[in-house]
Amino acid sequence: MEKLSKEKYLPRFADEAIRQKLSYAGAVEVRGPKWCGKTQTALQQARSCVMMQDPDKRNDYQLLANTKPSALLRGDSPRLVDEWQEAPQLWDAVRFSVDQRDEPGLYLLTGSATPAAAPSHSGTGRIASVDMLPMSLAESRDSTAEVSLGALFDGQKDVEGFSDCDVERMAFLVCRGGWPRAVRLADREASLEMAFDYLAAIAEEDISRADGVSRNPQYARLIMGEYARCTSTQATQSTILKDLKARDIDLSKDTVNGYLAALRRLYVVRELSAWTPSLHAKSRIAKTPTRHFSCPSIAAAALGASPRSLLMDTSTLGMLFESLCIRDLRVYAQANKGEVFHYHDTAGLEADAVVSLRDGRYALFEVKLGASYADEAARNLLKLADKIDASVMGKPSFCAVLVPGGHAFHRSDGVYVLPATCLTA
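Small disclaimer: the values here were computed from a predicted structure and weren't measured.

Engineer: Can you help me understand the overall build of the protein in this one?
Structural biologist: Each helix and strand counted, the protein has 16 helices and 15 strands in total. A compact globule built from 425 residues should have a C-alpha radius of gyration of about 22 Å, and the protein, at 22 Å, falls within 12% of that. Each principal axis of the C-alpha atoms in the protein carries an extent, and together these give about 65 × 50 × 45 Å. Relative to its 425 residues, the protein shows a buried fraction of 55%. Total accessible area on the protein is roughly 18,600 Å²; 47% of this is exposed by carbon and sulfur atoms. Taken as two groups, the 52 positive and 54 negative side-chain charges of the protein have centres that lie 4 Å from each other.

If you want it as structure tokens, here you go:
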């Protein structure tokens, strides 16, 4: 694969994270779903590379990996080993080389799957990791990038921003997804096909290659379709199993769990863990993660949805829009040294997303498909903020309602209304 020119390459927030980690770590692993742009992002900083999936050299590379893996690591640093999981023993070879050479910035590793057999050593202290997702709206230039998540955490009160994105445009962005190749396509219809191609590749090839277990492509599609129906909900795996059986798809619990585990290994599924703050009032906090694919376009494709059909089913569009916002917040949070969680409790209070930074600051988010729902969402967020024990957790840095487009503004009650198409890191 050739490196894209600076004119064609769309910068990613991961660029700076990789650059920073190369400054102190001997090796950096860039991991995430296939087609999300890992290789091109790594190539921007690599000075030499070996592509393990090169069909002309794959057999030779495998032979070297089995007999003398150090030979594959020879080259100018940082040396990129693309899709290292094709020969998992390379992980230990990289780790050993980092120990021997004892200097930063030696290797870049990219991987679209977690190997079924774990390497002998974890790589702790030698190999740092950077997670990548398909492009956020800011990276694909579908956001005006006028409102910075980092600036809001730093106390910015006055926000300005406007996006003319409406529900119809958002339905397209959901279905197209953040696949770099789709983003660069001028042909709208062609850009919508990539998510369907991705789904087919996962079902027909990758889900069986993930751990060497042969799996039925039809079952893979059915399970991904059922998972897609649970997008942005806390449906349990037992619920997914029951829903499959209700449709006369009689698969065992172990079978379904095996398929879902393979999808996680491929970074196709990216569930959102529960946030567990200290509360004033006792409430049981739901610990079940909310269900998300790494990109909402996968869910849309699994449902056979198009922008037009989603406009006729705003309930599903709302769930997929929430998943898009989670994808973007994960990208922006990582750029600010943070993580994203969700909150639900038995008292009915919830936050679709909680961005928690490494220094202890946090922010609460609700996602709504229309600004007309902002009042209810703001009240919910403020109730939750009052319930959190500020003496332990501190007060939230801010609360915000995310909507597709329109004006960004600061409400009189202190809650922000922010178009997802105005947001950036």
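Engineer: Would you take a moment to explain the sheet that holds strand β13 (residues 409-410) for this structure?
Structural biologist: Backbone-to-backbone hydrogen bonds pair the strands of a sheet. The strands run either parallel or antiparallel. Spatially, the six strands line up as an open sheet ordered β8-β9-β10-β11-β14-β13, and their pairing is mixed. Strand pairing shows two members of the sheet lacking a second neighbour, β8 (338-344) and β13, which therefore form its edges. Two strands pair when backbone bridges link them, and strand β9 (residues 350-357) and strand β10 (residues 362-367) are joined in this way by four bridges, in the antiparallel orientation. Paired with Val355 across the strands is Ala363, a residue of β10.

Engineer: Help me understand the environment of Arg74, please; the structure alone is not making it clear to me.
Structural biologist: Note on placement: Arg74 falls in the loop between α3 (58-67) and β3 (79-82). Sequence separation of Arg74 and Ser48 is 26 residues, and the distance between their C-alpha atoms is 8.9 Å. With residues up to four places along the chain from it excluded, the contact list for Arg74 reads Lys68 and Arg79.

Engineer: Please explain the sheet that holds strand β5 (residues 127-131) as it appears in this structure.
Structural biologist: With parallel pairing, five strands are arranged side by side in an open sheet as β2-β3-β4-β1-β5. Each end of this open sheet is capped by a strand with a single partner; those strands are β2 (48-51) and β5. Taking the axes of each pair of neighbouring strands and ignoring which way they run, one obtains an average angle of 20° across the sheet. Its contacts with the sheet put helix α1 (residues 14-22) on β1 (27-31), β4 (107-111) and β5, and the angle it makes with β5 is roughly 175°.

Engineer: It is not clear to me how helix α15 (residues 374-387) should be interpreted in this structure. Could you clarify?
Structural biologist: Compared with an ideal rise of 1.5 Å per residue, which puts 14 residues at 20 Å, α15 spans 20 Å between its outermost C-alpha atoms and is within 8% of the ideal. For α15, the set of buried residues is Ala374, Ala377, Ala378, Asn380, Leu381, Leu384, Ala385 and Lys387. Where α15 is buried, its residues meet β8, β9, β10, β11 (398-403) and β14 (416-419).

Engineer: For this particular structure, what's the right way to read the side chain of Glu322?
Structural biologist: Residue position: Glu322 is located in helix α14 (residues 314-335). The residues touching Glu322, leaving out its near neighbours within four places in the chain, are Ser232, Asp352 and Val367.

Engineer: When you look at the nonpolar core in this model, what are you seeing that I'm missing?
Structural biologist: Here is a general trend for soluble globular proteins: nonpolar side chains tend to be buried in one another's company. Ranked by internal contacts, the top residues of the largest apolar core, which has 85 residues, are Met224, Phe293, Val355, Phe365, Phe398 and Leu418. Looking at this core element by element, the count peaks at 10 residues for α14. In this view, Val355 contacts Leu149, Phe153, Leu329, Ala333, Glu339, Val340, Arg361, Tyr362, Ala363 and Phe365; residues no more than four positions away in its chain are not counted. Formed by 22 residues, the second largest nonpolar core is a distinct cluster that contains Tyr343, Val354, Ala377 and Val415.

Parameters at a glance
- Residues numbered from 1 in each chain as written.
- Predicted model: local features only at pLDDT ≥ 70, side-chain atom pairs only at ≥ 80, totals over all residues.
- Heavy atoms only, no water.
- Helix = DSSP H or I, 4+ residues; strand = E, 2+ residues; numbered from the N terminus.
- Rg over C-alpha atoms; globule rule 2.2 N^0.38 Å.
- Buried < 20%, exposed > 50% of the residue type's maximum accessible area, 1.4 Å probe, protein only.
- Areas by Shrake-Rupley, 256 points an atom, 1.4 Å probe, with all protein chains shown as cover.
- Lys, Arg positive; Asp, Glu negative; His and termini not counted.
- Charge placed at Lys NZ, Arg CZ, Asp CG, Glu CD.
- Pairing = 2+ DSSP bridges.
- Contact = heavy atoms within 4.5 Å.
- Axes fitted to C-alpha atoms, helices over the stretch in contact; angles between N-to-C directions.
- Expected span 1.5 Å × (residues − 1).
- Core = buried A, V, L, I, M, F, W, Y, C linked by side-chain atoms within 4.5 Å.

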